[in-house]
Amino acid sequence: MMKNYKIILLLVGAVSLVTACKKYETFPIAQITIDRVFDPRDSLGTNAYAFLENVYATMLNGHNRVGGDYLDAATDDAVSSAASSSNQVTQLSTDAYNSGTFADGAGDNVWANYYSGIRQANIFIANIGVVPVEATLPKHPGISMKYAWKNEARFLRAYFYFELVKRYGGVPLLGDKVYNVTDNLALPRNTFSDCINYIVSECNAIKGDSILQAPYASTANYGRVTNAAVLALKAKVLLYAASPLFNGTTLVKDAGTGQGPRNTTNAAIVGYPSADPNRWQLAASAAQDVINLGVFSLDQNGFQDIFLTQNNPELIFIRQGDNGYNVESNNGPIGFPSAVSKGVTSPTQNLVNAFPMISGLNINDPNGHYNPDSPYARRDPRLLYTVFVNGQQWLNTNLQLYQGGQSIPNSGVQQTISGYYLHKFMGHSEALNSYAAHSEDWVIFRYAEMLLDYAEAENEAVGPNAADYQVLKTIRGRAGIAAGSDGNYGIQSLSSITQDSLRSAIHNERRIEFAFEEQRFFDLRRWKVAPAYMDQQRLGLQLISNGQLTYNYVPILPAIFKINSFTPKQYLQPIPYGEVVKNPQMQQNPGW
Amino acid sequence: MLILAKSSYAAIQKDTTAKKATNPPGLITGKVVDEDNRALKGVKIVINGRGDSSKTDLAGHFSVSAKTGDKLEFTYPNHYVNDVTINNAADTLSVRLLDHYLKSPETIDVLYGTINKANELGSISTIYNNQITTTPGPTYIYALPGQLAGLYTQQTSGFTSAQNVAILQHFLTSTEVNYAPAHNIIPSDNTEFTLTSRGQFVTTVIDGIQQNIAAIDPSSIESISILKDALSTILLGINSSKPVLLITTKKPDLGDPRITFTTEAGVQQSLGLPNDPLPAYQWAYLYNEALQNDGKPAFYTNADIEAYRNHSDPYGHPDVNWSKLLLKSYSPLITDKLNVSGGTETARYYVSLGYLDQGGIFNEAPGLDYSTNNNISRYTLNSNISVDVTKNLNVDLQMYGRVQQMFEPGSGYASILTNIFTTPNNAYPVYNPDGSFGGSSTISNFTNNLLSQAQYSGYTQTNIKDVLVNLDLNYKLNNVTQGLSFKAKGNLAIESQVYITRNQQNNAYGYAIVDSAVKLSPVGTTTPLTNVFATELSARYSFAQAALNYDRQFGKNRFGGQLLYDTKSSVVSYDLASVTTDKALKVNYGYDDKYLFEGAINNSSYNRYTPGHQSGWFYAAGLGWQMGKEDFMKNIKWIDSWKWRLTYGKTGDNSNAGYYTYKQTFTSGGGYPQGLNYGSGSGYEEVTPIADPSLSWANADKLDFGTDISLLHDHLQIEADYYHEKYYNLVTTRGATIELLGTAYPQENIGINLYKGGELTLTYKNNIDNFNYFITGNGSLVSSKVLYFDEQPQKYPWNAHTGLPVTAIYGYKNIGFYSVEDVAKHAATIAGYSAQPGDLKYADLNGDGVIDQYDQTAIGGLKPLVFYGGTIGFNYKGLSFSVILQGVFNRQVSVDNSYDAPFQGLGSLGTGASGQAYANAVGRWTPETASTATLPRLSIVQDEANGNNVQMSSFYVKSGDYFRVKNAELGYELPLRWAKSLRLSGIRVFVNGENLFTVAGYRGYPGYDPEVNTVGAYPIQRVINAGLTVKL
């Protein structure tokens, strides 16, 4: 019997060997917990800084952002070549959507993206304190660099709020709190005024010396927030706050009550209920602050260069892209086997017609000598940098933008539906056989915008004067428009120009200077002029080459789309449907 | 075969009457053997149907009083009845009894033990060896469809996937589709079948250990059971919610060595491949029509279409049937098996060796000295040695090994099959005039020649090796107290999968005539051959179990119990060990074999939950009543037994535990291009979804009520079950996910689903003299309902998912095609779209004139799923026949709309409009065929009409019902005398087949298979197989 027990013990031992214990971690050391991201022993702050990088990455890159299209294809400047009822930008453009149509990230629904950015910024702000970063601020050798980082995060958070406010009006302000699943997230919207005040006060708090100073100190710091970016954000926020859409809002009355849930909105949420012209003055002086820094200037290497050369003197703040040619592969003319493209963006004739002649005169001005049989001759040089027209050189070829030509083969493959392709943002591939890589950053603030922001606000606040008038001349001069014998670049003289005429000139200058830069979509709205433009036919060119060229201008949006469809509710985007039904405190925007 | 069969009748008769006249007068003597030619003890012999009978002794000998002309009937449990008429009273008889196809042994296997079937309370269906071996296939799972009540099978692929063998076993009751994380995978070599029971995925337990090895030689499997109720699975504790598929392999047998060798060879033929692509001219014609519908000029001229039709210009106007060119009609399947078993009182052994070679469906290039076709070759070894070390101690050692090598084309078979599906016949010529590979960038970018992908892209080779060792120890402790025993089990398994990829891409050249000269321009790229060696998976599993068992009868009282501890650990690749531990007690009591009770409680834990909250209690209990043994039933002669049983339990499921998700972690990823050189962009971000520190296991309350009835002298058996199972604490994402949180919500224990239904099995077996016949059928019903998942408030009641079946499909309700009048009236359309006649028309449920998300509703999958199976067969003097039928109804599937939307498919960079079209495209809507059209008007993808027509709608919800002749076998066990003359114990020849015949509720186009409805799936195979079994 004893012998048997021995055998059993032996076998039991053998069995238990299978599971015999060595020490293993109870939580995987490969999983990184917060104390390793914000590491109290890391004097370099490597991981914390990497976390900040991801807050930066939340900024959206506008290149082909909206379902593969530029947001500007939702304005009168362009249509999508993929225009169909499921094409997001076309839905945006033609009011073919409701609060539930666009999922997170689709259409222009940036709600979730920016609240995610705000969360990440708050995590950074809440935790960076424990990291003993040794590097110091360039201007304050005794102060840790982490305070600059923290201010960068605060800037980004303020910028995210601005991106939300310009689309939705007042949104819930979360402060510094990092919310958890168990917290009550049924938060109400703050008023528009609260939001503007919050963003401006954040900018004021961080604008001083405890952040990097423009221009960029080093190659490595290129792209990071500087005091100039902070001031630019403030100027832009105040410009929006002063604009007619928000300054004395009538949206609740104009847009009426929508079909969705919780569709009564307080006016104070979507704007200032009472107008105050002084807001223009605030905007003008905020823009003036950026100009007064004296470290920026217009890129004199030309209009195209702004988007291709990093760290040129015009750039105030950018969203970094890459070194490549995605812009070309997405939007370039089709028909090149060695340089394949989708040609998704079809700029409209409406946009083409907005460019003046080289003299700065409108194409309808008889003194401009516009020739309908050679419509691109002697035009504002920005035109051919913005769109491709027939015969323009590209990829060692003269582009064939006529029906049946190389780039408009009508084979069923996607091609332009306007007769033009986008050219803006593209590199110098005119004399190459395939695309060359170039810098593809997305410009958020550039000096030209500060100038035009200033001119607009100043003109609204006090009317035409030497300062705001000069801005237009400067911009046109850089663009390559001839100064003319009067030196006015085709603009009516300062002595005779009215406030309204200067406003129109500034509005049109913004349109052509900032085409495809995600300005016009919002400008049309904040100026409350959208119906005048959005309800027009989008025209395109049907060029027939039959020995000679025949220019036919035709409506290009398929007949299935409603054109005269701009309704007041579209001045603001709808709060995503789910946010309203899930949050009993959440008010929908008027009309949605 | 027929000739063999005919001659056999006479032969078997002769065989049972042997030659020597040595019988004493008035007595008939002889010997009864089994199909392995070994003596059978206890065979009952009845003479001329009279009551008096005799039995064989230990050596199989018998002697009965009978005379010439008398009929002796030999019966033995689980064997066919054999009637022998005495021709010559002087002869000694030699009688062989063959194993019955359907067995019903007195004891059945349950989790961690065996139990007398009469005392069993759970809901268990079982099949035995003969039912498993008639189906040819690379794994035993091929034999399951239609055979087990309650087990639902769907075959979604016809070939083991070579590399993506690691699968995440998720829980069907969740309404959310699980994403497959990098962690927490359970590798399985079953990538062809989805197995569910009562709506849940099943856990596989092989010889008492949870493991996922499907490549077990079916002939070495003794039985396969499905354990469906809570009491039967409760010993799995935190993983007891899923039904258990219990596999028991053959155990060593006493006696002389039995050597069985089986060799089989079969041909496979693809089902589920679309075999009717449109010829090029028809395709071009319809493409023009689609362009015209989109308001665009035609692309192909009449001359083009004519050239496609008459094949006069094979380079400029090709017409290539890619499927015919690249795929074989038949491919081989070869299996060889060798089993050896035997032993003495103290030591017994069972060894099984298997070899499998399964060929794939791709043609190979002549002249290559390596294989590019799909192929598996596999060797398996399974050995089991059982030694009685002392009178009380038994040691059982089992070893399993597998070496498997698989090939597939370098481009990957799924990608090639998808491309075959989507490439039009006229896309490009196979070769250009100069012999280069054809390609095209005309209508889309076909940059990678299909022939080159299939035959000249190199290959991927995957090597899988498994070793599994299993040690069992049984010690009887009768000297401590009668009926007590101790059992210990240890298991260690290792698995490794590595692959070698040698693939390449050859450039393709577009053909054009420029200035009447051939111009070839490159359209693709050339990638040089790679030579990659990598480990896909390396895993180690261990399991240890110790149990004290007690079983003793005191008069009419029977007491039993089991005290159990076990721990299971899996270490897969770089994951930390996943450890499950059970401490369980199971007790049972029976009074007079009439009143039965069984109860179990299990404290079970899983190490990936928050420390301190890793273990929970799970319990189950059952009651049984042998009503047939009550006095009031005893007089009813035609009722043999009648048992009622009821079980209830609270079970658990840890499948959705995730990988240490209770603590928030961060990952380096994302990042931001930094500085002027876009350098260093490393980033850190929160892992999403964020942590849920309170995440716990899901639970289920399961009730099962069943009855087992045996009637008509045990010829007719009925088993019926009703179940009601409420799953709660299901891990799912809450509905009120407010995005102000700024990140993804974690899954929380909030869902509640209800499953109910029933199963019924009817079996009848009998014989008319030597004609033994049987029929068994089973039917199962599963109905489900989502009771709660914190759904977001819906605007309209028809938008809601709560209260509907888990299987519901959502989308727009299709109400035909837009007519000319509809368009004139501006019938409701998708916002911004004005429909054209022939577009799909959707019901505007809220009547607001716009089709949007408020008009989406449940459009299918609402009826309870019913599936059934049946087996019919007979055996007449060694000639056997069986056929397995299988079917489903109330099943609805949403078919991939690229089946039904011509020209969908490949396109470069999302611009293309160049997909293949099949014969069903001819049924498209045109003004002339408006009343008979079966598809909407043609359009090019990305264009406006397809945007409307490819919306998820009831148009794409099709019947998934089908009926299959799943398997049939015709076999003949040659007469013993013939075998003996070859010095063998037995010879059997057979032909069998799989997936022989199918009737489907929906046939989209010839070749559509109701079980497979994804593009790129390896088609399931019809197999015709013939083989020979020799017993030494």
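Residues numbered from 1 in each chain as written. Chains lettered and ligands numbered in written order. Predicted model: local features only at pLDDT ≥ 70, side-chain atom pairs only at ≥ 80, totals over all residues. Heavy atoms only, no water.

(A) Looking closely at the overall build of chain B. Scanning chain B from terminus to terminus reveals 12 helices and 55 strands. Compactness check: chain B gives a C-alpha radius of gyration of 32 Å against a globular reference of 31 Å for 1032 residues, within 12% of the reference. The C-alpha extent of chain B, read off along each of the three principal axes, is 105 × 70 × 60 Å. Within chain B, the proportion of its 1032 residues that are buried is 59%. Sequence-distant contacts, at least 24 apart, represent 71% of the contacts inside chain B between residues at least 6 apart. Of the roughly 39300 Å² of accessible surface on chain B, 58% is carried by carbon and sulfur atoms. Counting 77 positive and 90 negative side-chain charges, chain B places the averaged centre of each group 9 Å from the other. (Helix = DSSP H or I, 4+ residues; strand = E, 2+ residues; numbered from the N terminus. Rg over C-alpha atoms; globule rule 2.2 N^0.38 Å. Buried < 20%, exposed > 50% of the residue type's maximum accessible area, 1.4 Å probe, protein only. Contact = heavy atoms within 4.5 Å. Areas by Shrake-Rupley, 256 points an atom, 1.4 Å probe, with all protein chains shown as cover. Lys, Arg positive; Asp, Glu negative; His and termini not counted. Charge placed at Lys NZ, Arg CZ, Asp CG, Glu CD.)

(B) Structural view of the packing of helix α8 (residues 227–242) of chain A against helix α15 (residues 447–462) of chain A. Residue and element names in this part refer to chain A. It is the contact of α8 with α15, at a shortest axis distance of 11 Å, that shows an interaxial angle of 35°. For the element pair α8 and α15, the recorded crossing hand is left-handed. Counting all contacts with α8, which are made through Ala232, Ala235, Lys236 and Leu239, the residues of α15 involved are Glu449, Met450, Asp453, Glu456 and Ala457. Of the residues contributing to the contact of α8 with α15, the split by class is five nonpolar, no polar and four charged. (Axes fitted to C-alpha atoms, helices over the stretch in contact; angles between N-to-C directions. Left-handed = near helix turned anticlockwise from the far one by under 90°. Nonpolar A, V, L, I, M, F, W, Y, C, P; charged D, E, K, R; others polar.)

(C) The arrangement of the nonpolar core in detail. With 176 residues, the main nonpolar core has Phe155, Leu233 and Phe317 of chain A as its most contacted residues. Leu273, Leu326, Tyr428 and Ile464 of chain B belong to the second largest nonpolar core, which has 27 residues in total. (Core = buried A, V, L, I, M, F, W, Y, C linked by side-chain atoms within 4.5 Å.)

(D) Quick look at the packing of helix α3 (residues 46–57) of chain A against helix α6 (residues 146–168) of chain A. All names here are of chain A. Packing of α3 against α6 brings their axes to within 10 Å, and their N-to-C directions diverge by 20°. As judged from the angle between their axes, α3 and α6 are roughly parallel. As for the relative orientation of α3 and α6, their crossing is left-handed in sense. Taking contact as the criterion, the partners of Tyr49, Leu52, Val55 and Tyr56 in α3 are, on α6, Trp149, Glu152, Ala153, Leu156 and Phe160. Here the contact of α3 with α6 is built from residues that sort into eight nonpolar, no polar and one charged. (Parallel < 35°, antiparallel > 145°, perpendicular 65-115°, else oblique.)

(E) Quick peek at the side chain of Ser985 of chain B. Residues and elements named next belong to chain B. With respect to the helices and strands, Ser985 occurs in the loop between α12 (976–981) and β54 (986–1000). A polar contact of 3.3 Å, which involves the side chain of Ser985, links it to the backbone oxygen of Leu1032. Setting aside chain neighbours within four positions, we find Ser985 in contact with Glu35, Asp36, Asn37, Arg96, Leu976, Ala979, Lys1031 and Leu1032. (Polar contact = N/O pair within 3.5 Å; in protein donor to acceptor, adjacent residues only side chain to side chain.)

(F) Broad picture of the environment of Ser538 of chain B. All names here are of chain B. Structurally, the position occupied by Ser538 is in strand β31 (residues 532–554). Classification of Ser538 by relative accessible area gives partly exposed; the value is 40%. Residues Ser538 and Thr807, spaced 269 residues apart in sequence, show a C-alpha to C-alpha distance of 35 Å.

(G) Just the confidence of the model for chain B, in detail. All names here are of chain B. Across chain B, pLDDT averages 86, with 92% of residues at or above 70. Counting contacts from residues 1–19, a segment whose pLDDT is below 50, to residues more than four positions away or on other chains yields 31 contacts. Predicted confidence is poor over residues 164–181, with pLDDT under 50, and the contacts of this stretch with residues over four places away or in other chains come to 57 contacts. Reported confidence for the predicted complex is 0.90 by ipTM and 0.84 by pTM. (pLDDT = per-residue confidence, 0-100.)

(H) Main features of the packing of aromatic side chains. The full count for this structure, using the stated rule, is 77 aromatic pairs over all chains. Between the aromatic rings of Phe192 of chain A and Tyr272 of chain A, the centroid separation amounts to 5.3 Å while the plane-to-plane angle is 90°, which identifies the pairing as edge-to-face. Of the two residues, Phe192 of chain A is situated in helix α7 (residues 192–206) and Tyr272 of chain A in the loop between α10 (267–270) and α11 (278–292); the sequence distance between them amounts to 80 residues. The same class applies to Phe192 of chain A and to Tyr272 of chain A, which are both buried. Judged by centre distance (6.1 Å) and plane angle (50°), the ring pair of Tyr868 of chain B and Phe889 of chain B falls under tilted. In this pair, Tyr868 of chain B is assigned in strand β49 (residues 865–876) and Phe889 of chain B in strand β50 (residues 879–889), connecting sequence segments 21 residues apart. Owing to a relative accessible area of 39%, Phe889 of chain B belongs among the partly exposed residues under this scheme. (Phe/Tyr/Trp six-rings, centres within 6.5 Å; stacked < 30°, edge-to-face > 60°.)

(I) Looking closely at the interface of chain B and chain A. Each partner contributes to the interface: chain B provides 87 residues, whereas chain A provides 86 residues. Of the roughly 7200 Å² buried where chain B meets chain A, counting both sides, 61% is carbon and sulfur surface. When the buried surface of chain B facing chain A is broken down by residue, Tyr672, Tyr684 and Leu740 of chain B rank first, second and third, together holding 13% of it. Note that Arg119 of chain A is salt-bridged to Glu686 of chain B, the shortest N-O span being 2.7 Å. For the pair chain B and chain A, the interface holds 24 residue pairs in polar contact (both at pLDDT 80 or more). Elements with a minimum of two residues in the side of chain B that touches chain A: α4 (280–293), β25 (393–409), β27 (458–476), β28 (484–503), β31, β38 (684–686) and α11 (944–949) of chain B. (Buried area = accessible area lost by both parts, 1.4 Å probe. Salt bridge = Lys/Arg side-chain N within 4 Å of Asp/Glu carboxyl O.)

(J) Focus on the pairing of strand β40 (residues 716–733) of chain B. Residues and elements named next belong to chain B. The pairing of strand β39 (residues 698–711) with β40 spans 13 bridges and is antiparallel. From the neighbouring strand, Asp704 faces β40, where its bridge partner is Tyr723. Pairing of β40 with strand β41 (residues 747–768) involves 16 bridges; the strand directions are antiparallel. For Glu719, the partnering residue across the bridge sits in β41 and is Thr761. (Pairing = 2+ DSSP bridges.)

(K) Quick look at the sheet that holds strand β6 (residues 71–75) of chain B. Residues and elements named next belong to chain B. With antiparallel pairing, four strands are arranged side by side in an open sheet as β4-β3-β6-β7. Every interior strand has two partners, whereas the edge strands, β4 (53–55) and β7 (82–85), have only one. Taking the axes of each pair of neighbouring strands and ignoring which way they run, one obtains an average angle of 25° across the sheet. Examined bridge by bridge, β6 and β7 share four bridges and lie antiparallel to one another. Bridge pairing links Leu72 to Val84 in β7.

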